[in-house]
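# Per-entry structural report
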Amino acid sequence: MSRLALHGGTSVCSRPWPKWPQSTAKTERALMAVMRSGRWSVSGLETDDGPAFDSRFAEAFARYNGVNFCVPTANGTSALMCAMQALGIGAGDEVIVPGLTWVACASAVLAINAVPVIVDIDPLSLCLSPGAVEAAIGPRTRAIMAVHLYNAVADLDGLLALAQKHGLDLIEDCAQAHGARWRGQRVGSVGKVGTFSMQNGKVLTSGEGGACICDDPQLARRIYRLRTDGRRLRCEPAPLGHMSLEEDGPGFAQNACLSELQAAVLLSRLEDLDLENTQRALQAKALRSHLEEVGGFGFQHTAPGTEATTLYHFPVRLEAPEFDGISAARIGEALSAELGCWVHTPYPPLEEFPLLASGYSPRLLTSPRVPEPLLHARAAHQRHVVLAHWLFLTDSDAMAQIADAFAKVKQHAASLHARQGERP
Ligand SMILES: *Cc1c(COP(=O)(O)O)cnc(C)c1O
């Protein structure tokens, strides 16, 4: 094989990769319908076009997840904030969050003046380690935020047992796991409340967006008013030209509503979610067996009881001795050059996000607590590369090419060692 593409050699492939997000004719029709309806938000005035898309998507997504209630939100961060507030979590309370996840898991806790307690992950699942969670539980702990990260379901047996034993609420952050199934249920329906992000990169997206799901009507009512400036939907449909929201009594709340345009996009794209999840899973299986043949790579474990994971990113652990002493970021660059697509590393340990480390905003009463070093989170960041989900909306040829690129980079790994004076 030729030199690495990173060093001027011929790349393994020059195929066009799928773009993400993807729009369908149905999505575009739905968007035009909203544009012409005269109502672009749930807080717009009632038209004769039927219920708001906000309600229609809420109903469809609740049904999809097998729960009684869904409240769409502006984004995944506000879904987490509404969920925690609705559970009565506030200033000074502690919420346990995993050491390997998007920064919003901690910043959402800070934003309600609670304390994110950042604990280590399980090295194989890359999700919360129940052992690390239990060691961090103290008198101010109120909730555990489980994140179903990348292509796995977190250890819900272990985390549920801990939540029960210590009287804590389990929040499932499903921003990366729309549609995953565990012991006959969708993820998000196992804990007290499940939250979702529909940001641009997620497997169900409207560019920005989010949702909370739950079974408890009181909790759903509180989440609804928290995201709707303290209002609720009228019980009877409002007359045409009137607002279908009404005040819902005292209590602090903010506006975290989704626009009708976004809700319509989500409603139309939800129809394709299962099909796309199935295709990604199928191709990932093919890639995994190719890479097992090459040798030197490890794969993310998922919890016992998982019936289907959702592939958001596909992490590959770099185990071959050839990779020793070369940063995962460097190997990702080499793979990117071979494939012409984005190959990157997992998140850094959560405590290292500049957003959390940048000192104290005058708005905040608290800062994160990190009781133990995040050794496994750090190792995960240093020893994996991750592939984005849209690369898997392809065929088995594409998977063979990805595996070829890994094989080539492994074979030429020695040429990736930093030369003197060079940044590794
Ligand atoms: C994307 C994401 C969020 C935040 O969602 P936004 O819609 O960007 O606010 C929270 N948690 C996880 C695990 C995420 O991946």
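In the block above lies the structure referred to throughout.
Rules used throughout
Residues numbered from 1 in each chain as written. Predicted model: local features only at pLDDT ≥ 70, side-chain atom pairs only at ≥ 80, totals over all residues. Heavy atoms only, no water. Helix = DSSP H or I, 4+ residues; strand = E, 2+ residues; numbered from the N terminus. Expected span 1.5 Å × (residues − 1). Buried < 20%, exposed > 50% of the residue type's maximum accessible area, 1.4 Å probe, protein only. Core = buried A, V, L, I, M, F, W, Y, C linked by side-chain atoms within 4.5 Å. Contact = heavy atoms within 4.5 Å. Near = heavy atom within 4 Å. Polar contact = N/O pair within 3.5 Å; in protein donor to acceptor, adjacent residues only side chain to side chain. Areas by Shrake-Rupley, 256 points an atom, 1.4 Å probe, with all protein chains shown as cover. Nonpolar A, V, L, I, M, F, W, Y, C, P; charged D, E, K, R; others polar.

### Notes on helix α2 (residues 53-65)
In this model α2 runs 18 Å from its N-terminal to its C-terminal C-alpha over 13 residues, within 8% of the 18 Å that 1.5 Å per residue would give. When α2 is considered as a whole, its buried residues turn out to be F53, D54, F57, A58, A60, F61, A62, Y64 and N65. Within two residues after α2, G66 carries a phi angle of roughly 70 degrees, on the positive side.

### Things to note about the nonpolar core
Ranked by internal contacts, the top residues of the largest apolar core, which has 101 residues, are F61, M84, I89, L100, V133, I144 and V193. If sequence neighbours within four positions are ignored, I144 has contacts with I96, L128, V133, L159, L162, A163, L168, D169, L170 and I171. Residues A284, W390, M399 and A403 belong to the second largest nonpolar core, which totals 40 residues.

### Details of the site of the ligand
Around the ligand, 15 residues are found, and the nearest of them are G76, T77, D173, S197 and K202. Note that an oxygen atom of the ligand is positioned 2.8 Å from one of the side-chain N or O atoms of Q176. Within the contact set of the ligand, an oxygen atom lies 2.7 Å away from a side-chain nitrogen or oxygen of S197. For the ligand, the accessible surface in isolation is 380 Å², of which the surrounding protein chains cover 92%. Put simply, the parts of the chain that give the shell around the ligand at least two residues each are α3 (76-86) and α4 (104-111). Among the residues forming the shell around the ligand, the class breakdown is five nonpolar, eight polar and two charged.

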